[in-house]
Amino acid sequence: MNELNKLSRRYDEQAPRAGLKYGIIEVTTRCQCACPGCYMVRRDSLNKGAVPLARAVRVLDMCRDYTGCELETMDLLGGDPLLWPHLKAYCTILLKRGILPWVFTNMIAITPEMARWLFERQVHITGKLNINPDNAEAMPLQAEMIGQRLGIAKKMLAAISIFTDAGYRQPLFRLQNLIRRSNISLVPDYYRWCLQHGVGTDLELMASGEPIDQEYFRIAPNPEELAAMIQNVQAVRAECGLPEADVLMPHVFGACPFFDKGLYFAVDGSIRACSNSSVTLANLDDPDPIRKAYESPLICNRLKLSQAVVGEPCRSCDRWERCRGGCRATAEGTGDPFGGYMLCPVPHLLAG
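Values in this document were obtained by computation on a predicted structure and should not be read as measured data.

A few points about the side chain of D75
Here comes step 1: Relative to the helices and strands, D75 resides in strand β2 (residues 73-77).
Here comes step 2: The buried charged residue D75 lacks any salt bridge partner; its closest oppositely charged side chain belongs to R174, at an N-O distance of 8.9 Å.
Here comes step 3: In this structure D75 touches G23, I24, I25, W102, F104 and F258, once residues within four positions along its chain are discounted.

Given below as structure tokens:
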């Protein structure tokens, strides 16, 4: 029996097929931005095509056939899903099947009509934001953070009002801040603005499915810098009358919800563990592709990962059950599927 079969049998013995709960689909690679640090930019994957509606529905059917039930959620990524002509049709299909749609967008293409349509159906939206929108002096930096002109950055910020005018607030609406060295000092002010305006926050560390090198740290902050930022954000929470938040990676105050329960479906038909993972597990044209992907060595290793075998700093961390090792794609990029999350700022917070 080869190693893959051994892993698959072990998986069958230890975990139910229903472990697959969440889907992430790359519906289009079209995007108006070229954000430094974006995995699509790093892999030169932008503006290379879109998914036909029939194939997007086929993904749902394949997952249901494998698990015996519908997915719980489907994240729509790009590129920008607002540029996909089938967005309304697909959201309608998802809702009819009892699957929660969650759209991740730069917001630039939103219209009042589309915002109202999405809100009426309670579709979750995660937009992008790296600054306090009221800080005019930071506008050039916001443009830099999305790799675009100042006018496009202003249009992105104006789109926030389009969503809030349609009724969007937390928890249906949040703004994701990809933390890089260029904007880390502005994160507390962004966080304060979101709290004051009833908008959810999503602080995200820059992940990498490839080996982390000097180029990564040219853009991304190191653990010590992240620890200092977290202390400042906790101070903002205290200022707003909120308790100190648990620090969990890789979303600073939240663990990855996908880990070993999701699959990522790319425009080219490849299936990966998540958006940041660079390992192709299967292709939609393969025989029984969901089984092949979900019972691959990579996913099986994620299922077997425990605190007893994971590397430091995770092995000795008291947050393991809630965090489970930070961004696994980043750890796997080092070549060690059981490696600890070396970017974690928690040891520096505890030492301070």
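Here's the deal with the pairing of strand β4 (residues 124-128)
Here comes step 1: Taking burial as the measure, the five residues of β4 include four buried ones, the bulk of the element.
Here comes step 2: Pairing of strand β3 (residues 100-104) with β4, which is carried by three bridges, proceeds in the parallel orientation. In the strand pairing of β4, V103 is matched with I125.

Brief notes about the pattern of salt bridges
Here comes step 1: Inspection of every chain in the model, using the stated rule, returns 19 salt bridges.
Here comes step 2: One salt bridge in this structure joins E113 and K88, with 2.7 Å as the shortest N-O distance. One end of the pair, E113, is in helix α5 (residues 112-120); the other, K88, is in helix α4 (residues 87-96), and 25 residues separate them in sequence.
Here comes step 3: D318 is paired through a salt bridge with R319; the nearest N and O atoms lie 3.5 Å apart.
Here comes step 4: Residue D318 is classed as exposed on the basis of its relative accessible area of 65%.
Here comes step 5: Classification of R319 as buried rests on a relative accessible area of 17%.

A word on the sheet that holds strand β9 (residues 282-283)
Here comes step 1: Judged by pairing direction, the sheet is mixed, and its nine strands sit side by side in the order β6-β5-β4-β3-β2-β1-β7-β8-β9 without closing on themselves. One side of each edge strand has no neighbouring strand; the edge strands of this open sheet are β6 (200-205) and β9.
Here comes step 2: In the sheet, strand β1 (residues 22-26) pairs with strand β7 (residues 262-265) via four bridges, with the strands oriented parallel. Of the residues in β7, the one forming a bridge with I25 is F265.

So, the packing of aromatic side chains
Here comes step 1: Under the counting rule described, the total for this entry stands at ten aromatic pairs.
Here comes step 2: Both rings, one in F119 and one in Y168, keep their centres 5.2 Å apart while their planes meet at 65°; by these two values the pair is edge-to-face. Taken together, the residues F119 in helix α5 and Y168 in the loop between α7 (150-165) and β5 (173-179) connect sequence positions 49 residues apart.
Here comes step 3: Judged by its relative accessible area of 24%, F119 falls in the partly exposed class.
Here comes step 4: The exposure class assigned to Y168 is buried, which follows from its relative accessible area of 0%.
Here comes step 5: Considering the side-chain rings of Y168 and F173, the 6.0 Å spacing of their centres and the 55° angle between planes classify their relative orientation as tilted. Assigned by exposure class, Y168 and F173 land together as buried.
Here comes step 6: Members of the aromatic cluster, connected to one another through ring pairs, are F119, F163, Y168 and F173.

Calculation notes
Residues numbered from 1 in each chain as written. Predicted model: local features only at pLDDT ≥ 70, side-chain atom pairs only at ≥ 80, totals over all residues. Heavy atoms only, no water. Helix = DSSP H or I, 4+ residues; strand = E, 2+ residues; numbered from the N terminus. Buried < 20%, exposed > 50% of the residue type's maximum accessible area, 1.4 Å probe, protein only. Lys, Arg positive; Asp, Glu negative; His and termini not counted. Salt bridge = Lys/Arg side-chain N within 4 Å of Asp/Glu carboxyl O. Contact = heavy atoms within 4.5 Å. Pairing = 2+ DSSP bridges. Phe/Tyr/Trp six-rings, centres within 6.5 Å; stacked < 30°, edge-to-face > 60°.

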